[in-house]
Amino acid sequence: MALRGVWQLQKLIVSYCNWGGSSRGIRAFMESQLPAFKEKNPQLEVITEINRGHHPFLKGLYKNKNERVVCVKNMTPDDIHQCATRLRNALGRKVLKLKTRHVTKHPSVQGTWTTDLQM
């Protein structure tokens with residue numbers, strides 16, 4: 001996703017094994033869909049690396065120095081294309097856990113309503 005018109009994903013690293021069965025889908029993705037993905041995203045640097053004996057993964061490096069890694073073992077080329085598109089569209093921010101179940105701009109002065117009212 002673009003933040004103020006600037007794409008946040010700088011580099012996409014495609015790591016795979018040229019022999020393993022779990023990399024079958026990513027090898028097919030690299031032959032069929034990766035060249036078109038590179039042409040549609042000229043702002044993105046796509047690097048492929050062979051990592052023998054390990055499961056395949058996609059690693060996205062963002063402008064804010066964060067990285068996201070997605071395991072793509074035993075996925076079809078269409079699923080891998082979807083994962084790569086999601087990495088491209090993400091902002092690269094860390095996922096924050098909410099502190100409360102109820103989020104509001106104007107919290108109640110009296111407190112949160114519960115069914116456990118004791119009279």
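Residues numbered from 1 in each chain as written. Predicted model: local features only at pLDDT ≥ 70, side-chain atom pairs only at ≥ 80, totals over all residues. Heavy atoms only, no water.

(A) Structural context of the overall build of the protein. Counting its regular elements, the protein contains three helices and six strands. Taken from the N to the C terminus, the helices and strands of the protein come in the order β-β-β-α-α-β-β-β-α. Taking 2.2 N^0.38 as the reference for a compact globule, 119 residues should give roughly 14 Å; the C-alpha atoms of the protein span a radius of gyration of 21 Å, well beyond that estimate. Evaluated residue by residue, the protein yields a buried proportion of 30% over its 119 residues. For the protein, the share of sequence-separated contacts (at least 6 apart) that also reach a separation of at least 24 residues comes to 70%. (Helix = DSSP H or I, 4+ residues; strand = E, 2+ residues; numbered from the N terminus. Rg over C-alpha atoms; globule rule 2.2 N^0.38 Å. Buried < 20%, exposed > 50% of the residue type's maximum accessible area, 1.4 Å probe, protein only. Contact = heavy atoms within 4.5 Å.)

(B) Representation of the nonpolar core in the model. Leu-12, Ile-26 and Leu-58 are the most contacted members of the largest nonpolar core, which has 19 residues in total. For this core, the secondary structure elements donating two or more residues are β3 (9–16), α1 (24–32), α2 (34–40), β5 (57–62) and α3 (77–89). Among all residues touching Leu-12, those that are not within four sequence positions of it are Phe-37, Leu-44, Glu-45, Val-46, Ile-47, Leu-58, Lys-59, Ala-84 and Leu-87. (Core = buried A, V, L, I, M, F, W, Y, C linked by side-chain atoms within 4.5 Å.)

(C) Region of interest: the pairing of β5. Two strands pair when backbone bridges link them, and β3 and β5 are joined in this way by six bridges, in the antiparallel orientation. Within the sheet, the bridge partner assigned to Lys-11 lies in β5 and is Leu-61. Between β5 and strand β6 (residues 67–71), which pair antiparallel one after the other, the connecting turn spans four residues, and Lys-65 there sits at a positive phi close to 70°. (Pairing = 2+ DSSP bridges.)

(D) Just the side chain of Ser-22, in detail. Position of Ser-22 among the secondary structure elements: in the loop between β3 and α1. There is a polar contact of 3.0 Å between the side chain of Ser-22 and the side chain of His-55. Contact partners of Ser-22, with chain neighbours within four places excluded, come to His-55, Pro-56, Val-72, Lys-73 and Asn-74. (Polar contact = N/O pair within 3.5 Å; in protein donor to acceptor, adjacent residues only side chain to side chain.)

(E) Layout of the UniProt feature "domain: Ribosomal protein/NADH dehydrogenase" (unreviewed entry) in the protein. As annotated by UniProt and renumbered to match this structure, "domain: Ribosomal protein/NADH dehydrogenase" (unreviewed entry) occupies residues 18–91. Secondary structure over residues 18–91 splits into 39% helix and 23% strand, and the C-alpha atoms at its two ends are 31 Å apart. (UniProt positions renumbered as here; feature names shortened; annotations may be inferred.)

(F) Local environment of the packing of α1 against α3. Relative orientation of the contacting elements α1 and α3 amounts to 75°, with a least axis distance of 8 Å. Between α1 and α3, the angle is such that the two are roughly perpendicular. Counting all contacts with α1, which are made through Gly-25, Ile-26, Ala-28 and Phe-29, the residues of α3 involved are Pro-77, Ile-80 and His-81. When the residues that make up the contact of α1 with α3 are grouped by side-chain class, the tally is five nonpolar, two polar and no charged. (Axes fitted to C-alpha atoms, helices over the stretch in contact; angles between N-to-C directions. Parallel < 35°, antiparallel > 145°, perpendicular 65-115°, else oblique. Nonpolar A, V, L, I, M, F, W, Y, C, P; charged D, E, K, R; others polar.)

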